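# Architecture at a glance
As a plain string of letters, each chain reads:
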Amino acid sequence: MFNFTDSSNIGKAYKDFVLVSIDQLPDYKAVGVYLRHKITGLEVYHIIKDDKENMFAYAFRTLDKTSRGVAHIMEHSVLCGSEKYPLKEPFITLAGTSLNTFLNALTYPDKTVYPGASVVRADYFNMMDVYGDAVFFPKLDHATFIQEGHRLELDENNKLSIQGVVYNEMKGNYSSFQPIAFSDLVSAMFPNSYPAFDSGGDPLHIPELTYQEFLDFHQRFYSPDNCLLCLYGDIPTSQQLDFIDEKFISRLVKKYDCRQGGAICNIDTNSKLPLIKNEIRELQKLNFVKESASFKTFAPETGSTGSLVTMNWYAGKADMEKLFLSEALCGNDSSPLSRALKDSKLGDDVQFQSFGQFREEFYTVGLWGVKKGNEDKVFNLIQKTLKELYEKGISQEDIDSAIMGIDFALREVNRYWGPFALQIMEKALKGWCNGDACSSQLSPITNFEKVKEKIRSDKDFTKKLIKKYFIDNDVCVRFVSEPSSQYFKQRETAEAALISRLEKNLDKVQLKKDLDELHAYQQRIETPEETACIPTTKISELERKIDIPETKLEFVNGADGSKVPLFVSQEETNGIFYIDVLFPFDRLEPEYLQHIPFLADVITNLGWNGKGWDKCIAESSCVMGDVWGKTCCGSVCNVPQCLAEAEQYKEYNFCGRNWIGLICKALSSRADEALKLLAEIITKMDFKDVHHLETLMGELKAEKKNGLISSGREYAQKRARAGWSANLALNEIMWGVSQLETVSGYKKLGAKKLLQKFEYMYRECVKAGGIIHVTADEDTLKQLRPLLEVFAKEAGITKLLPGHKYTMDELKPYISNFEASQSEQPQILKVESQTGYAAAITPASDYLTKEAAAENIFASWVSNHTLWDKIRTTGGAYGASCWIDNMEKQVVMTTYRDPTPAKSLDVYLDSLKELCRTPIPKEEVEKTIVSCYGNAIVPACPKDRGARSFEGMLYGNPQKFKQLRVDNLLGVTEDDVEKAADRLYESSVKRCSKAVFCNKSNDFAGKIIKLPL
Ligand SMILES: [Zn+2]
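Presented here is an overview of the structure given in this document. Quick caveat, the model's predicted, so the values are computed rather than measured.

### Considerations on the pattern of salt bridges
Scanning the entire structure with this criterion turns up 69 salt bridges. Ionic pairing is found between Lys-676 and Asp-672, a salt bridge with its closest N-O pair at 3.5 Å. Residue Lys-676 and its partner Asp-672 are both found in helix H23 (residues 671-683); the two are separated by four residues, about one turn of the helix. Among the residues examined, Lys-676 registers a relative accessible area of 46% and is labelled partly exposed.

Below, the structure is given as structure tokens:
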């Protein structure tokens, strides 16, 4: 046996993989093993960690100095068929049949990464096999290039347009102010080096990419000597290397001619650092602006509230010292620099760059939403504030809160949009990509301890940092990006010119041939024999019993001597605890409901105990990780199991209610102080600061405006669903288009009146009684239990009064254009946008029934096959999916970044009809069951496990029902699915609500809903 963690083995090889180094990674309780294959140059970094959710990622350094999007198109294309898996889209076949807990492909400005994760080993290796084949041996045929990249298409009227999956996806990126302004800033800071170009692709440049350049790109960058296979988890290193050796090594040796004098030869096995080819090193070089300069660019008006105005200073490599300085200056709203910027009212949101993206970084300080003419005021303010901070120093409180913020962030395990392992891997990859050790970014806690030591021993430490990075920093770049009403027009003109240029050189005969070939290729349905090449897990191999988090109901004594429900979730939280304190808002008159989201948003930002908001935020961030407002809404599902569940807690009045409250996270070592402070916040909440609420109102409006396009799918979906139940109507009032109406009315209402409303609402909710929920590890819980008794009394929590269920009639007046939501016709949300979204809602079966399980399988299959083929691949949308909301008994279909959203609705509804006639084959049903089972067992982070389990109890839907759902799922037959298809089609004919979010110029028939912002 080869021991990979024994340092005496360094320099020795296992199956030609030379052990280069071993890194102790105490910050992650892991060990890193770095290996290099001596013939192909392939590198492996295994982060060995006691975690059964294993993850792998193939990573390649991919850089380009054009905005043709070749790296991004390549990322899509390698997943469209390979030597061993010559399918149209092995990736989607794999996604639809595997037990993956994560499967993705990501293009960064300097690398492309293909990660996959699973808790089932056989499945993990299946994915590693399909992905390895895809990246090293893809087909990359011409049809794939024009499907994923770009092509000209003729419509019914013989009008030419440019199409392509990446082309359309990127059009969506170029549709609002923020991302464009920000990428222009990066371009300005790194002139003519790779960050100045768009690795995703600029739609005006994507059509410049030729097929040959595309093929060359793969040849250059996807070679084993430019690849790191990053591994994480508990599968032995030897087992993983055996697998790679067996599946890929000899094929790679052949493809890349790895012999003396061949394409890859003479691999240096001695170098402790990653090997980077010279041509790649050349591309990696960053150019900097050499002397102070000013830049001005233009970005579209959509989503803007004014200009982005920033000052920028180069800072060198990212490290903990710089991160600390960022936190101390701008870590939260009360930090000195962000407070000065906010208080100036020159803009509505602070811009302060956090480090992460490139090998060398820059500090950027400024404001979004600056009115024309105020640019110099912003510049002067930044300079003045930094100078003052240098002269007077930063307060101890601001330093303490920066330390707490970082300490907390480094310890909390989360799962933002993939396993936590992905965040660790990204750090390893950042080192590797730039030629630094994989471990170079993997000691953040240890490194921060060193910075803390410096802070403790030198009282002028922060001051010195300000001097070094700002005061004495010679090169300062001033940047302004201004919204322009001409932006889209100019791009449209440029696009038209591009099309007519392409038309001139167009070989119409060849184009027709290409398109016929593409359409034939797209329309061909793969047989089960063909897709059988993708390895799958059988239903019989699945573990029937699944892991269910548990929350216990206990009680503490409240302020009125009554028993206050205390929900306890024990999870592995690493010495952190999370506490929610919730009060019901369902006793308020319906007119107040529209203000709940903003109240929850600002609840901890208005100050308490007469101390002023900034003082309060500074105080809380020294003691807690964070404290913020929260809402929780829903109802008990009308099925016997849920009703029975709710019935057993009837006397406590907590089931099926709508809540507002606070959530706080803190380290167990500060539990006593944190709970004391939380009780103070709850009992001494202030609603007096008119000036600050005005600032927050401006921010809210800017946030809603900025997010309008990117949230288009959510708005369309909420709108389409609003008329179906009181619960969904409330959802529309609180988070949908109706909320935009509310927000846009705030200025007229005025901060003073709003504060009165907030105060009334808050007091009424608290009066109605409360509940407490904690998530923590065993030791922390023991420590918390007695403290919570004191806390409940100090926080004034009393017995819950009975709730009220709002009816549709009560809610109706607060839904903008309510009649439209009752209409058969689609609701049309019109806005200035280059991209669209569609939503269609139809009825489904009752929760927890066999029928519901079969419908889930059907919807999942339709998403992965029908919608993917017809709406994404053929229709050019970035995404389309349908799922069943069993609690609300609805099939929810949505499309994403869709060039033709109204057409997609027809395509979807027609498909439902077609699918009744052509049942889904047995093998397909089985594969889909396996994949749905996979989704059901995706691990969650401790905080989310606690929250889901708690919220389940609040709505008569405990986590134990998940086992029931999985049991039902595993019992579904192809016959059940066929019946589900019939049922869903029939019900879709009876009732279907539609909504479309699209550009103003579109003229579909329907009920127009005006967007107020
Ligand atoms: Zn993409």
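### Points about the sheet that holds strand E28 (residues 1007-1010)
If you walk across this open sheet you meet the six strands as E25-E26-E24-E27-E23-E28, and the pairing is mixed. Two strands close off the open sheet at either side, each with one partner strand: strand E25 (879-885) and E28. Pairwise comparison of adjacent strand axes, ignoring direction, gives a mean angle of 15 degrees for this sheet. Where strand E23 (residues 827-831) lies against strand E27 (residues 993-999), five bridges are found, and the strand directions are parallel. Residue Val-831 lies in a different strand from E27, and its bridge partner there is Asn-999. Running over the sheet, helix H25 (residues 712-721) touches E23, strand E24 (836-843), E25, strand E26 (890-898), E27 and E28 and is turned about 150 degrees from E27.

### Structural notes on the environment of Glu-572
Among the structural elements, Glu-572 can be located in the loop between strand E18 (563-570) and strand E19 (576-584). Along the chain, Glu-572 and Tyr-847 lie 275 residues apart, while their C-alpha atoms are 31 Å from each other. Excluding residues within four positions of it along the chain, Glu-572 makes contact with Asp-777 and Pro-942.

### Things to note about the packing of aromatic side chains
A complete count under the given rule lists 46 aromatic pairs for this structure. Geometrically, the ring pair formed by Tyr-592 and Tyr-760 is tilted, given 5.1 Å between the ring centres and 40 degrees between the ring planes. You can see Tyr-592 sitting in the loop between E19 and helix H20 (596-602) and its partner Tyr-760 sitting in helix H29 (residues 751-767), a full 168 residues away along the chain. Classification of Tyr-592 as buried rests on a relative accessible area of 13%. Its end group placed over the ring of Tyr-390, Lys-463 keeps NZ or CZ at 5.8 Å from the ring centre. Here Arg-657 stacks its cationic end above the ring of Trp-659, 6.0 Å away from the centre of that ring.

### Topic: the packing of helix H13 (residues 396-411) against helix H15 (residues 444-457)
Between H13 and H15, whose axes approach to 10 Å, the crossing angle comes to 165 degrees. Taken as axis vectors, H13 and H15 run roughly antiparallel relative to one another. Crossing handedness for the pair H13 and H15: left-handed. Mapping the contact onto sequence places Ile-399, Ile-403, Ile-406, Asp-407, Leu-410 and Arg-411 in H13 and Pro-444, Ile-445, Phe-448, Glu-449, Lys-452 and Ile-455 in H15. Per-class residue counts for the contact of H13 with H15 are eight nonpolar, no polar and four charged.

### A short note on a negative patch on the surface
Taken together, the side chains of Glu-529, Glu-923, Glu-974 and Glu-978 present a region of like negative charge at the surface. Looking at Glu-974, the relative accessible area reads 33%, which means it is partly exposed.

### Things to note about the nonpolar core
Membership of the largest hydrophobic core comes to 101 residues, with the highest contact counts inside it found for Tyr-58, Tyr-114 and Ile-244. For this core, the element with the highest residue contribution is helix H3 (residues 121-136), accounting for nine residues. Grouped together as the second largest cluster of nonpolar side chains are 71 residues, Leu-677, Leu-678, Ala-729 and Tyr-762 included.

Rules used in this analysis
Residues numbered from 1 in each chain as written. Predicted model: local features only at pLDDT ≥ 70, side-chain atom pairs only at ≥ 80, totals over all residues. Heavy atoms only, no water. Salt bridge = Lys/Arg side-chain N within 4 Å of Asp/Glu carboxyl O. Helix = DSSP H or I, 4+ residues; strand = E, 2+ residues; numbered from the N terminus. Buried < 20%, exposed > 50% of the residue type's maximum accessible area, 1.4 Å probe, protein only. Pairing = 2+ DSSP bridges. Axes fitted to C-alpha atoms, helices over the stretch in contact; angles between N-to-C directions. Contact = heavy atoms within 4.5 Å. Phe/Tyr/Trp six-rings, centres within 6.5 Å; stacked < 30°, edge-to-face > 60°. Lys NZ or Arg CZ within 6 Å of the ring centre and 35° of its normal. Parallel < 35°, antiparallel > 145°, perpendicular 65-115°, else oblique. Left-handed = near helix turned anticlockwise from the far one by under 90°. Nonpolar A, V, L, I, M, F, W, Y, C, P; charged D, E, K, R; others polar. Patch = residues over 30% accessible without salt bridge, like charges linked within 9 Å, V, L, I, M, F, W, Y side chains within 5 Å. Areas by Shrake-Rupley, 256 points an atom, 1.4 Å probe, with all protein chains shown as cover. Lys, Arg positive; Asp, Glu negative; His and termini not counted. Charge placed at Lys NZ, Arg CZ, Asp CG, Glu CD. Core = buried A, V, L, I, M, F, W, Y, C linked by side-chain atoms within 4.5 Å.

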